[in-house]
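Residues per chain are reported as follows:
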Amino acid sequence: MAKILTKNLNLWYGTFQALINVNMAVQEKRITAIIGPSGCGKSTLLRVFNRMNDLIEGVRTKGKVEIDNQNILEGDFSELVQLRKKVGMVFQRPNPFPLSIYENIIFGLKVHHLAKKEEFDRIVERALESVLLWDDLKDKLHSNALRLSLEQRQRLCIARAIAVAPDIVLMDEPCSALDPQSTARIEELMRELKKDYTIIIVTHNMQQAARVSDDTGFMLLGELVEFDNTDKIFTRPQDKRTEDYITGRYG
Amino acid sequence: MERHFDEELKDLRKDLLKMGVMVQEAIFKSIEALKNRNKAQAKDVIASDDKIDEIELTIDEKCIDLIARHQPMAGDLRFLTTSMKINADLERIADLSVDIAQRVLELVDKPILKPLIDIPRLSTIAQNMIRDAIDSFVKKDVELAKKVVLFDPEADKLRNAVQDELINDYMSKDPKTADRAVALLLIARHLERICDHTTNIAEDVIYMVEGKVVKHHPEELR
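If you're wondering where the values come from, they're calculated on a predicted model, not measured in any experiment.

S.K.: Can you walk me through the sheet that holds strand S1 (residues 2–13) of chain A in this structure?
M.R.: Backbone hydrogen bonds are what pair the strands of a sheet, in a parallel or an antiparallel way. Strand order in the open sheet formed by four strands is S2-S1-S4-S5 (chain A), with antiparallel pairing between adjacent strands. Edge positions in the open sheet fall to strand S2 (16–27) and strand S5 (70–71) of chain A, since each of these has one partner strand only.

S.K.: Looking at this structure, I do not really get the interface of chain B and chain A. What am I missing?
M.R.: Each side of the interface is counted separately: chain B has twelve residues, and chain A has 14 residues. Between chain B and chain A, roughly 1100 Å² of surface is buried when both sides are summed, and carbon and sulfur atoms account for 51% of that area. Ranking the residues of chain B by area buried against chain A places Met1(B), Met73(B) and Ala74(B) at the top, with a combined share of 51%. Two residues, Asp6(B) and Arg249(A), come together in a salt bridge whose shortest N-O distance is 3.4 Å. Here chain B is connected to chain A by seven residue pairs in polar contact (both at pLDDT 80 or more). Here the side of chain B that touches chain A takes five residues from helix H3 (residues 74–107) of chain B, the largest share from any one element. Counted by class, the side of chain B that touches chain A contains five nonpolar, three polar and four charged residues.

S.K.: Would you mind going over the sheet that holds strand S3 (residues 31–35) of chain A with me for this structure?
M.R.: Residue and element names in this part refer to chain A. Pairing within the open sheet is mixed, and its six strands lie in the order S6-S7-S8-S3-S9-S10. Edge positions in the sheet fall to strand S6 (87–90) and strand S10 (223–229), since each of these pairs with one other strand and no more. When strand polarity is set aside, the average angle formed by the axes of neighbouring strands in this sheet is 20 degrees. Strands in contact with helix H6 (residues 150–163) are S6 and strand S7 (168–172); relative to S6, the strand with the most contacts, it is inclined by about 170 degrees. Those strands touched by helix H7 (residues 180–193) are S3, S7 and strand S8 (198–202), and its axis lies near 150 degrees from that of S8.

S.K.: How do you make sense of the nonpolar core when you look at a structure like this?
M.R.: A general feature of soluble globular proteins is that nonpolar side chains tend to end up buried together. Ranked by size, the top nonpolar core spans 65 residues in total, and within it Leu90(B) and Leu191(B) carry the most contacts. When contributions to this core are tallied by element, the ones reaching two or more residues are helix H1 (4–36), helix H2 (39–70), H3, helix H4 (118–139), helix H5 (142–171) and helix H6 (178–210) of chain B. Not counting residues within four places of it along the chain, the set of residues in contact with Leu90(B) comprises Leu16(B), Met19(B), Gly20(B), Val23(B), Ile130(B), Ile134(B) and Ile201(B). Counting residues in hydrophobic clusters, the runner-up holds 52 residues, among them Ala161(A), Ala163(A), Ile201(A) and Met206(A).

S.K.: Looking at this structure, I do not really get the pairing of strand S4 (residues 59–67) of chain A. What am I missing?
M.R.: Put simply, side chains in a regular strand alternate between the two faces of the sheet. All names here are of chain A. Summarising the sheet, S1 and S4 pair through eight bridges and their orientation is antiparallel. Each bridged residue has a counterpart across the sheet, and for Trp12 the counterpart in S4 is Arg60. Across two bridges, the pairing between S4 and S5 is antiparallel. Of the residues in S5, the one forming a bridge with Ile67 is Gln70. Taking the residues that link successive antiparallel strands as the turn, the S4-S5 hairpin has two residues, and the phi of Asp68 there is positive, at about 50 degrees.

S.K.: Is there a simple way to think about H5(B) in this case?
M.R.: Given 3.6 residues to a turn, an α-helix orients residues that are three or four positions apart in the same direction. Residue and element names in this part refer to chain B. Taking 1.5 Å of rise per residue, 30 residues should cover 44 Å, and H5 covers 43 Å from first to last C-alpha, within 8% of that figure. For H5, the full list of buried residues reads Val142, Leu144, Ala145, Lys146, Val148, Val149, Asp152, Ala155, Leu158, Arg159, Val162 and Leu166. As for H5, its buried residues are in contact with H4 and H6. The N-cap of H5, judged by a side-chain oxygen 3.1 Å from the amide nitrogen of Glu143 a few residues on, is Asp141.

Parameters and conventions
- Residues numbered from 1 in each chain as written.
- Chains lettered and ligands numbered in written order.
- Predicted model: local features only at pLDDT ≥ 70, side-chain atom pairs only at ≥ 80, totals over all residues.
- Heavy atoms only, no water.
- Pairing = 2+ DSSP bridges.
- Helix = DSSP H or I, 4+ residues; strand = E, 2+ residues; numbered from the N terminus.
- Contact = heavy atoms within 4.5 Å.
- Buried area = accessible area lost by both parts, 1.4 Å probe.
- Salt bridge = Lys/Arg side-chain N within 4 Å of Asp/Glu carboxyl O.
- Polar contact = N/O pair within 3.5 Å; in protein donor to acceptor, adjacent residues only side chain to side chain.
- Nonpolar A, V, L, I, M, F, W, Y, C, P; charged D, E, K, R; others polar.
- Axes fitted to C-alpha atoms, helices over the stretch in contact; angles between N-to-C directions.
- Core = buried A, V, L, I, M, F, W, Y, C linked by side-chain atoms within 4.5 Å.
- Buried < 20%, exposed > 50% of the residue type's maximum accessible area, 1.4 Å probe, protein only.
- Expected span 1.5 Å × (residues − 1).

Remember, this is a structural readout, not a statement about activity or role.
Quick look at the structure:
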């Protein structure tokens, strides 16, 4: 069964239509990559999944987005809060809060009242362990998160996202600020995390999509042109537009 | 958008074509040498194999270099991996032509065992198949490639006919003919192997064009 299902999803920013009849089924505990040129709507689509676009004025959507069979586009503020708990997000630039490492991780727990104070230590340890930071940081949990290296900051942001035990983690170009070694390590981490989470990654880096994802969707001008297993998309895509894009002929 | 990469791919295609032509020539000459009992022609086939080996290495190197530098995907990737395989098959075909030429050198100083009928027919099949396989590669012509694949059983049949005739009519009747009969039998075998390598090439062309694997899946040919 699909974890996320979009049905004839359309989205407008004012009069500009950014998503056109997107139908996509994201499978549970897999990594799904969305690729496409700048402005194709891939980040917009990603942001639909936790309703980040709600913040933008003049946004209008039509169609359905179901997570676990529930349409997430309807619903009031309390449902939005629940959605954000279920669907975490990691951004392009690592953006830890200017707080301690420890405070960063328990931030969501506090907001959502998800855990008691005495559980915090255990949750922090587990979250840092799952992003492979625990051994390095266990003795400096109360130092400022902004002192960490870029890669460590991005790992911390992933730890912060998974501390609230979401089902889905959205990643918008999570490695584009990182060097190749850090990128490789974050990709390894993604492979680890997919055992427990459904991951959707938006990336400009096609090699990264090919390396890390199980399924890939190619978007162009607001349309989902092709969606299939990653190996198929990168060796024998069916649509000429996909072929042109991934072989660098598009433009 | 024309890419610089396209120029490099075209260059590679040209090299493969050049190799294809040389290999076709090698088969043709080896069979001519057999028909005409011509030592010089046979030696020529053997001598020109070094050149084919050299081109094989150049093509391989180019493919690896292009993969490393461009990290090709989709159609580009299929073209490059197919080129590497075709390259290897062509080189093997050239080696088999050398094998035929060597058998010819064994035969020319001995009396003629029998008039050649099926072997020249088999060689015509082999030459037509290789011509069509290379054509299908150049023109990305899947139908032509399929034709090549479907023709391969004919080669097997003829090889078997040659074998039966040589064993039953010559070797078992007169053991003194064995050395010449074995040489002819091997030539038929070499030609049939050439057809097998050619079939590989045609199957790879189908994969290159359509992304469809027909190797070991004959039902995909329909």
